[in-house]
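Close look at the chain arrangement
Here's the letter readout for the chains.
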Amino acid sequence: MKLKLLLFAVVLSLMFACAGFGRFLVLNEPRQADVIVILAGETDHRLTRGLELLDQGYAPRIILDVPAEDKIYQWRQTELARQYVAGLPESGSISICAVHGQSTRGEVEDVSRCLGGMHDKKILLVTSDFHTRRALSIFRRAAPSDYSVAAAFDAREFGARWWQHREWAKTTAEECAKLLWWEFVDRWR
């Protein structure tokens with residue numbers, strides 16, 4: 001009887017801990033910065049969020065990270081991004097940073113190159129909501145500077161109540177694994 005009660009308590013505790021994990025992943029604390037860096041990956045909500053922050057005066061310019069080698073059909077993603085940005089009213093405030101890194105950790109080096117060094121700069125990172133905690137931790141560890149982070153929300157991909165939709169559960173599980181790997185393995189390399 002005691003073993004069943006203990007097992008029930010453990011399972012219940014795990015359920016409550018996991019239920020709150022979706023909220024734990026998300027940080028949305030933008031601060032005034034010298035530059036907004038929109039991390040590579042999702043191309044709609046992240047850019048929209050970055051443009052909102054630019055228009056709200058959070059920073060005077062944006063660096064848009066775009067995978068250097070990726071193609072959409074026969075067009076390089078960097079070329080598509082340049083054409084898209086050229087048509088925006090804010091185009092004079094946006095530059096493209098071709099990223100070669102295949103991970104957030106690899107992206108740090110490319111961003112540093114595009115900024116010409118990160119020292120003494122205030123940088124506002126924009127990324128998908130579920131990626132904010134890990135991205136901020138990686139940037140702070142790999143290239144110390146004054147960072148803040150803004151979340152780009154996409155209800156098709158993720159929600160804090162992750163158990164309500166299959167896609168949200170998959171995103172949460174994947175990001176949980178990546179965060180744990182970062183915290184217990186990659187951070188210490």
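I will try to describe carefully the structure that is included in this document.

This brings us to the overall build of the protein. Looking only at helices and strands, the protein features seven helices and seven strands. Listed by position from the N terminus, the elements making up the protein come as α-α-β-α-β-β-β-α-β-α-β-α-β-α. Its C-alpha atoms give the protein principal-axis dimensions of about 70 × 35 × 35 Å. In the protein, 69% of the contacts between residues at least 6 apart in sequence involve partners at least 24 apart. In the form shown here, the protein has an accessible surface area of approximately 11,000 Å², with 57% of it arising from carbon and sulfur atoms. Charge centroids of the protein, computed over 25 positive and 24 negative side chains, lie 7 Å from each other.

Under the counting rule described, the total for this entry stands at one disulfide. One disulfide bridge connects C97 with C114, the sulfur atoms lying 2.0 Å from each other. Sign of the S-S torsion, about 85 degrees for the bond between C97 and C114, identifies this disulfide as right-handed. Here C97 is found in strand 5 (residues 94–99), whereas its partner C114 is found in helix 5 (residues 104–115), with 17 residues between them in sequence.

This paragraph deals with the layout of surface pockets. A water-sized probe rolled over the atoms picks out the places where empty space is left. As a volume, the largest pocket reaches approximately 650 Å³. Breaking the lining of the largest pocket down by element, the ones donating at least two residues are helix 5, helix 6 (132–142) and helix 7 (166–184). Looking at the lining of the largest pocket, its residues break down into nine nonpolar, eight polar and 12 charged. The computed volume of the second largest pocket comes to approximately 310 Å³. Along the wall of the second largest pocket there are 20 residues; nearest its centre are T43, L47, L64, A81 and Y84. Secondary-structure elements contributing two or more residues to the lining of the second largest pocket are helix 3 (45–55), strand 2 (62–67) and helix 4 (77–86). Taken together, the residues of the lining of the second largest pocket sort by class into 12 nonpolar, four polar and four charged.

What counts, and where the lines are drawn
- Residues numbered from 1 in each chain as written.
- Predicted model: local features only at pLDDT ≥ 70, side-chain atom pairs only at ≥ 80, totals over all residues.
- Heavy atoms only, no water.
- Helix = DSSP H or I, 4+ residues; strand = E, 2+ residues; numbered from the N terminus.
- Contact = heavy atoms within 4.5 Å.
- Areas by Shrake-Rupley, 256 points an atom, 1.4 Å probe, with all protein chains shown as cover.
- Lys, Arg positive; Asp, Glu negative; His and termini not counted.
- Charge placed at Lys NZ, Arg CZ, Asp CG, Glu CD.
- Disulfide = S-S within 2.5 Å.
- 1 Å grid on protein atoms, 1.4 Å probe; cavity = no way out; pocket = protein on both sides within 12 Å on 5 of 7 lines; lining within 4 Å.
- Points joined across faces, edges and corners; volume = space filled by probe spheres on them.
- Nonpolar A, V, L, I, M, F, W, Y, C, P; charged D, E, K, R; others polar.

Purely geometric stuff here, so don't read any function into it on its own.
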